[in-house]
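Structural description and commentary
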Amino acid sequence: RSSGALTTARMRSRAAPVATVLFLAASPLLASPLGTFAPPLALLLVLPPLAVALSALGWGRRIGEAIRARVAATSRPATLFLAWAAFSALLGLDVAAVAAADVGLEVARDDRAERDLQLRAAVLGSNLGSLLFPFSNLTNLLVLAATGTGFAAYVAASVGPQLAIVAATTVVLLLAGR
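The notes below deal with the structure included here. (Residues numbered from 1 in each chain as written. Predicted model: local features only at pLDDT ≥ 70, side-chain atom pairs only at ≥ 80, totals over all residues. Heavy atoms only, no water.)

A closer look at the overall build of the protein
The helix and strand tally for the protein stands at eight helices and zero strands. Taken from N to C terminus, the helices and strands of the protein fall in the order α-α-α-α-α-α-α-α. A burial count over the protein gives 37% of its 178 residues as buried. Carbon together with sulfur atoms contributes 69% to the accessible area of the protein, which is approximately 10300 Å² in total. (Helix = DSSP H or I, 4+ residues; strand = E, 2+ residues; numbered from the N terminus. Buried < 20%, exposed > 50% of the residue type's maximum accessible area, 1.4 Å probe, protein only. Areas by Shrake-Rupley, 256 points an atom, 1.4 Å probe, with all protein chains shown as cover.)

Quick look at helix 3 (residues 59-70)
Under the 1.5 Å per step criterion, the end-to-end length of helix 3 is 16 Å for twelve residues, consistent within 8% with the ideal 16 Å. Listed in full, the buried residues belonging to helix 3 are Gly60, Gly64 and Ile67. Angular distribution of buried residues about the axis of helix 3 spans 65 degrees; they occupy a single face of the element. Exposed side chains of helix 3 directed beyond 90 degrees from the buried face belong to Ala69 and Arg70. (Expected span 1.5 Å × (residues − 1). Arc of directions from axis to C-beta.)

Quick look at the packing of aromatic side chains
All chains considered together, the criterion is met by four aromatic pairs. Considering the side-chain rings of phenylalanine 133 and phenylalanine 151, the 6.2 Å spacing of their centres and the 5 degrees angle between planes classify their relative orientation as stacked. Within this pair, whereas phenylalanine 133 is found in the loop between helix 6 (112-129) and helix 7 (138-147), its partner phenylalanine 151 is found in helix 8 (residues 151-177), the two being separated by 18 residues in sequence. Taking the relative accessible area as the measure of exposure, phenylalanine 133 reaches 18% and is therefore buried. Using a relative accessible area of 38% as the deciding quantity, one classes phenylalanine 151 as partly exposed. Taken together, a centroid distance of 6.4 Å and an interplanar angle of 5 degrees make the contact between phenylalanine 135 and phenylalanine 151 stacked. Taken together, the residues phenylalanine 135 in the loop between helix 6 and helix 7 and phenylalanine 151 in helix 8 connect sequence positions 16 residues apart. The exposure class of phenylalanine 135 is buried, given its relative accessible area of 17%. Three or more aromatic residues joined by ring pairs form one cluster here, namely Phe133, Phe135 and Phe151. (Phe/Tyr/Trp six-rings, centres within 6.5 Å; stacked < 30°, edge-to-face > 60°.)

Right, here's the structure in full:
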């Protein structure tokens, strides 16, 4: 019975930080009324604790180890670039940049050449991925506010260039990984 109680205590001690991370990541969207997103200030308040929580949980190390074990070294930069572009589009530039740098360094470990490629993939993925949706980058929100462009019109205008940029960068990183 004491081992069952210990297991329950361990699960609870892990559940609270995970729940906090999920809440912080979702809070800009949860705080938004239908059709709009939370003000940029909400992102500035949420991102620092999110980064600290992810780091404290050791997510960067865990994800880095899993990627090293499952993805060939030659395709890691391109694979992670695609992941960071998706993270950036869905969760925002700042969240992607924080996660990408941490995971990229864990993936590369002490390999200087791979470290350079991983940091390039992190920077490019975080920045280029943030073009797709208005909420992906604070600058996009300013453009929408200044021009009165709607969400659907913005996405329709950005999807073609976004796909072209991501495809071209993926090819460059695949070639660089060789």
